[in-house]
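# Tertiary structure, described
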Amino acid sequence: MSSSEASVDAQADTAMAASATDDFSAMANAIRMLAADAVEAAKSGHPGMPMGTADIATVLFTRFLKFDPRHPDWPDRDRFILSAGHGSMLLYALLHLSGYDDITIDEIKRFRQLGARTAGHPEYGAAAGIETTTGPLGQGLANAVGMAMAERLLAAQFGSEAVDHFTYVLASDGDLMEGISHEAISLAGHLQLSKLIVLFDDNGISIDGPLALAESGDQVRRFEAAGWDAVSIDGHDPDAIAAAIETAQSSDKPSLIACKTTIGLGAPNKAGTASSHGAPLGADELAGAREALGWPHEAFEVPADIRDAWRLAGVRHARDYKAWEARVEAMDPALKGEFHRRLRGDVPPSLETEIAKFKAEHAAAAKPMATRKSSEATLAAINPVVPETIGGSADLTGSNNTVTPDLGIVSAEDFSGRYIHYGVREHGMAAAMNGMALHGGIIPYGGTFLIFSDYCRPSIRLAALMKQRVIHVMTHDSIGLGEDGPTHQPVEHLAALRAIPNLQVFRPADTVETAECWELALRSKATPSILALTRQNCTPLRTEAGDRNRCARGAYEAVAASETAQVSLFATGSEVSIAQEARAALEADGIPTRVVSIPCFELFAAQPDEYREQVIGEAPAKIGIEAAVRQGWDAIIGTDAAFIGMSSFGESAPYQDLYNHFGITADKVVAAAKAALGR
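This report concerns the structure included in the present document. Only a predicted model underlies this, so the values are computations on that prediction, with no experimental measurement involved.

Glancing now at the environment of Y455. Locating Y455 in the fold gives a position in helix α19 (residues 453–466). Owing to a relative accessible area of 49%, Y455 belongs among the partly exposed residues under this scheme. For the pair Y455 and M429, spaced 26 residues apart in sequence, the C-alpha to C-alpha distance is 10.0 Å. In this structure, Y455 is in contact with E426 and H427, ignoring residues within four places of it in sequence.

Encoded structure:
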């Protein structure tokens, strides 16, 4: 044992002995005053929530939470999710006090300033200890459900010696009012996620005023009805808080602990009122809080004895970390190697071989197929060799084609499977997948209709912001779904999704492209992906697989012109076959025409100018073809080019009739090309 390890062990022993004698109130007040001082300095922020929940957080971090600031990425650490992200100074104060290097006192002083790690709401990746980006209320709670699911899934695969931890959430009344909370709570109760513990800051205050203005429900009974254990306690009584957490840890259900608190505790005039919620206390009120809390210290000053008590709390689990390392080291070598590979996020080397084999088989077969079926066939090849994929669907498994024969069903009784029936919970599904990806060791994918990306969008945006590998299988991608009509026919959705930074929107044209897009999504460690897939059959585009992943550059010339092109047809997905048909007609009329497939706008935009210019070409007539709105296309075809697509909502009819009705046909493409050439 090294001298540094021995020192840490000694500190851990001291911390356990000190836990009963340290001044609890002073430790909690350090959180309160750091939060209030930082908000005051920034001239913006939310001091009330950190001041009101400091007692809860102090009990959790000093007595229960398993973490080690020296190893912040410890895979078996407990997760703490501040779902009430507006109270971000609570988290920053906890991380600073307990010894995380990233959150120095200077970072606390720079709260909400440009380039600071201490952003207005916690941002994943800005500092160690921030487990997810929160602020949009309800998201953190739903992420935590995914994290708790990931813990159970990985424990089933690798054993409790490697994976055995809790997920704690601090949630506000706003989190529980958001609709996503219903989806998350009911899913967690259904799956009996017993290592999920939610601490509810029950302060009775919202920004507008008393919570009674807008809410009169009973949260304890609500959670109980969803299959949770739930209890209400005094959120300022450390013994009551500790007893409730101890009980929750031994429950066979997820647990809610409703902690009755006073928002802005310590502020002499603003405590218990909305005025402490979302604005600085002000100099006079802050001075009054110092007096009321018995905190005579200057702004941002934490006395050495209190800081030391917090730092000792931060090393409580140093010995647990070393014991975990030893257990993992003693695992079967093959299992240990797989465990570490999963945590690194590397896909297995065999993926490339399987994709190449799959492409060769399907290119040779050249069978018309809906790309949702192409995706199902691709998954049947992928899932056996990429065991970290966890699939699912929001009650549309048979339509999304997201399950394959080797995936067992996940249930409350059995987490050895790899397929989750999310029910009609699209938003909860998307947020839970974010949580699984954040936890690590899992690549989640989930299915719904593209139209319902509207329900998933806030979570998709956060996945992009957090740079998480989450894959959304979104079928029924256009008016091509037919008779279900305009309520289910996406027309603006591709453009809306393409507008999100760091999101890959794939719309493959056939089975080979679908396989290539799946491979790209799986290899994109820092980018979420959408696979927009058809209900109707698509004519094969690629009858020779080739060695390269041609979709990797976002766009490519799929069919060349017979000689120097006069017309370039650009298309995605099912409309590539329309472009092929139009090309044949134009070539027959003596008009050299080429077809460019654009499976991913984002990857194409990232290519060097030379490649983009080569693919776009210099044909005098350029036409874009997509059964969606034009927005986003002008960057490729130019503002003067023709566009064959949608400019209105759809209709209810067989899809062939709809394509004719809206003029998305080869004849219309030919006519537009000839008009552009003045013929």
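Once the structure has been displayed, the description carries forward.
Scanning the model with the defined rule gives 28 salt bridges in all. The partner of K195 in a salt bridge is E151, and the shortest N-O contact between them spans 3.2 Å. With K195 in the loop between α8 (179–191) and β3 (196–202) and E151 in helix α6 (residues 139–158), this pair connects stretches of sequence that are 44 residues apart. Relative accessible area serves as the criterion here: at 22%, K195 is assigned to the partly exposed category.

A few words on helix α14 (residues 333–344). Here α14 spans 16 Å end to end across 12 residues, near enough to the 16 Å set by a 1.5 Å rise per residue. When α14 is considered as a whole, its buried residues turn out to be K336, F339, R341 and R342. Near the N-terminus of α14, the side chain that reaches the backbone nitrogen of A334, with its oxygen 3.1 Å away, is that of D332. G345 occupies a position one or two residues after α14 and carries a positive phi of about 85 degrees.

With that settled, the discussion passes to the sheet that holds β3. Read across the open sheet, the five strands follow the order β1-β2-β3-β7-β6; overall the sheet is parallel. Each edge of the sheet is formed by a strand with only one pairing partner; in this case those strands are β1 (79–82) and β6 (229–234). Across this sheet, the average inter-strand angle for adjacent strands is 20 degrees, counted without regard to direction. With six bridges joining them, β6 and strand β7 (residues 255–260) adopt parallel strand pairing.

Reading guide: rules and limits
- Residues numbered from 1 in each chain as written.
- Predicted model: local features only at pLDDT ≥ 70, side-chain atom pairs only at ≥ 80, totals over all residues.
- Heavy atoms only, no water.
- Helix = DSSP H or I, 4+ residues; strand = E, 2+ residues; numbered from the N terminus.
- Buried < 20%, exposed > 50% of the residue type's maximum accessible area, 1.4 Å probe, protein only.
- Contact = heavy atoms within 4.5 Å.
- Salt bridge = Lys/Arg side-chain N within 4 Å of Asp/Glu carboxyl O.
- Expected span 1.5 Å × (residues − 1).
- Polar contact = N/O pair within 3.5 Å; in protein donor to acceptor, adjacent residues only side chain to side chain.
- Pairing = 2+ DSSP bridges.
- Axes fitted to C-alpha atoms, helices over the stretch in contact; angles between N-to-C directions.

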